[in-house]
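# Architecture at a glance
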Amino acid sequence: MMRKMIGGWVLAVALLATGGTVSAQQSAAQLAALAKEARTANEHADVAKRYRLHADTLDMEAARHEVRAEKLAATAPAIVHKWPAMAPKELTDARQKAAAARREAKESRELAARHQSLAVEALPAQ
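Only a predicted model underlies this, so the values are computations on that prediction, with no experimental measurement involved. (Residues numbered from 1 in each chain as written. Predicted model: local features only at pLDDT ≥ 70, side-chain atom pairs only at ≥ 80, totals over all residues. Heavy atoms only, no water.)

## Considerations on the overall build of the protein chain
Looking only at helices and strands, the protein chain features 5 helices and 0 strands. Order of helices (α) and strands (β) in the protein chain, N terminus to C terminus: α-α-α-α-α. Here the protein chain holds 126 residues, and the buried ones make up 30% of them. For the protein chain, contacts bridging at least 24 residues in sequence account for 70% of all contacts bridging at least 6. (Helix = DSSP H or I, 4+ residues; strand = E, 2+ residues; numbered from the N terminus. Buried < 20%, exposed > 50% of the residue type's maximum accessible area, 1.4 Å probe, protein only. Contact = heavy atoms within 4.5 Å.)

## Looking at helix H5 (residues 89-122)
Taking 1.5 Å of rise per residue, 34 residues should cover 50 Å, and H5 covers 49 Å from first to last C-alpha, within 8% of that figure. Inspection of H5 places Leu91, Ala94, Ala98, Ala101, Ala105, Ser108, Ala112, His115 and Ala119 among the buried residues, and these make up the whole buried set. (Expected span 1.5 Å × (residues − 1).)

## Section: the confidence of the model for the protein chain
Here the protein chain averages 83 in pLDDT, while 79% of its residues score no lower than 70. Mean pLDDT across the elements of the protein chain ranges from a minimum in helix H1 (residues 2-18), with 42, to a maximum in H5, with 96. Across residues 1-22 the pLDDT falls below 50, and counting only partners more than four positions away or on other chains, this stretch makes 17 contacts in the model. (pLDDT = per-residue confidence, 0-100.)

## Thoughts on the packing of helix H3 (residues 41-75) against H5
Two numbers describe a pair of packed helices, the interaxial angle and the distance between the axes. As a packed pair, H3 and H5 sit with axes 7 Å apart at the nearest point and diverge in direction by 165°. Considering the angle they form, H3 stands roughly antiparallel to H5. The handedness of the crossing between H3 and H5 is left-handed. Tallied by class, residues from the contact of H3 with H5 come to 22 nonpolar, 6 polar and 11 charged. (Axes fitted to C-alpha atoms, helices over the stretch in contact; angles between N-to-C directions. Parallel < 35°, antiparallel > 145°, perpendicular 65-115°, else oblique. Left-handed = near helix turned anticlockwise from the far one by under 90°. Nonpolar A, V, L, I, M, F, W, Y, C, P; charged D, E, K, R; others polar.)

## What to know about the side chain of His65
Structurally, His65 is set in helix H3. The buried category is assigned to His65, whose relative accessible area is 13%. If we ignore the near neighbours within four places in the chain, the residues touching His65 are Ala94, Lys97 and Ala98.

## Notes on a nonpolar patch on the surface
A cluster of nonpolar side chains, contributed by Ile79, Trp83 and Met86, occupies part of the molecular surface with about 320 Å² of accessible area. When you line up the elements, Met86 lands in the loop between helix H4 (78-82) and H5. (Patch = residues over 30% accessible without salt bridge, like charges linked within 9 Å, V, L, I, M, F, W, Y side chains within 5 Å. Areas by Shrake-Rupley, 256 points an atom, 1.4 Å probe, with all protein chains shown as cover. Salt bridge = Lys/Arg side-chain N within 4 Å of Asp/Glu carboxyl O.)

## Quick notes on the pattern of salt bridges
For the structure shown, the criterion picks out 7 salt bridges. Asp59 is the partner of Arg102 in a salt bridge, and the nearest nitrogen-oxygen pair spans 3.1 Å. One end of the pair, Arg102, is in helix H5; the other, Asp59, is in helix H3, with 43 residues separating them in the sequence. For Glu66, the salt bridge goes to Arg102, with nearest N and O atoms at 2.9 Å. Residue Glu66 is found in helix H3, and its partner Arg102 is found in helix H5; the two are separated by 36 residues along the sequence.

Set out below in structure tokens:
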């Protein structure tokens with residue numbers, strides 16, 4: 001259990017340091033592996049917490065992309081506001097990355113809720 005906790009801290013620090021989507025994807029795969037192995041109430045609660053932290057990280061990433069998209073939209077030609085299909089690739093990419101990060105954050109929160117529920121169900125009856 002301690003090794004998993006240390007690994008999670010190292011992963012969180014690496015994710016914050018790099019700020020890249022590759023780390024976020026690796027984190028999602030590692031979270032899925034941890035979720036698959038979870039059996040006890042404590043393990044499910046730990047997985048739920050990790051999913052919530054992952055969702056928070058993704059929200060920060062989405063906000064970063066949204067700020068970039070707003071800056072690009074402010075400097076874009078007027079035609080882009082009338083016909084969004086004419087937007088530069090950078091603007092479209094920033095918007096798509098923001099939407100993808102928000103979608104993945106939502107999925108992470110749903111998985112966190114699922115594991116929180118499993119943690120409660122795994123508690124011994126009193």
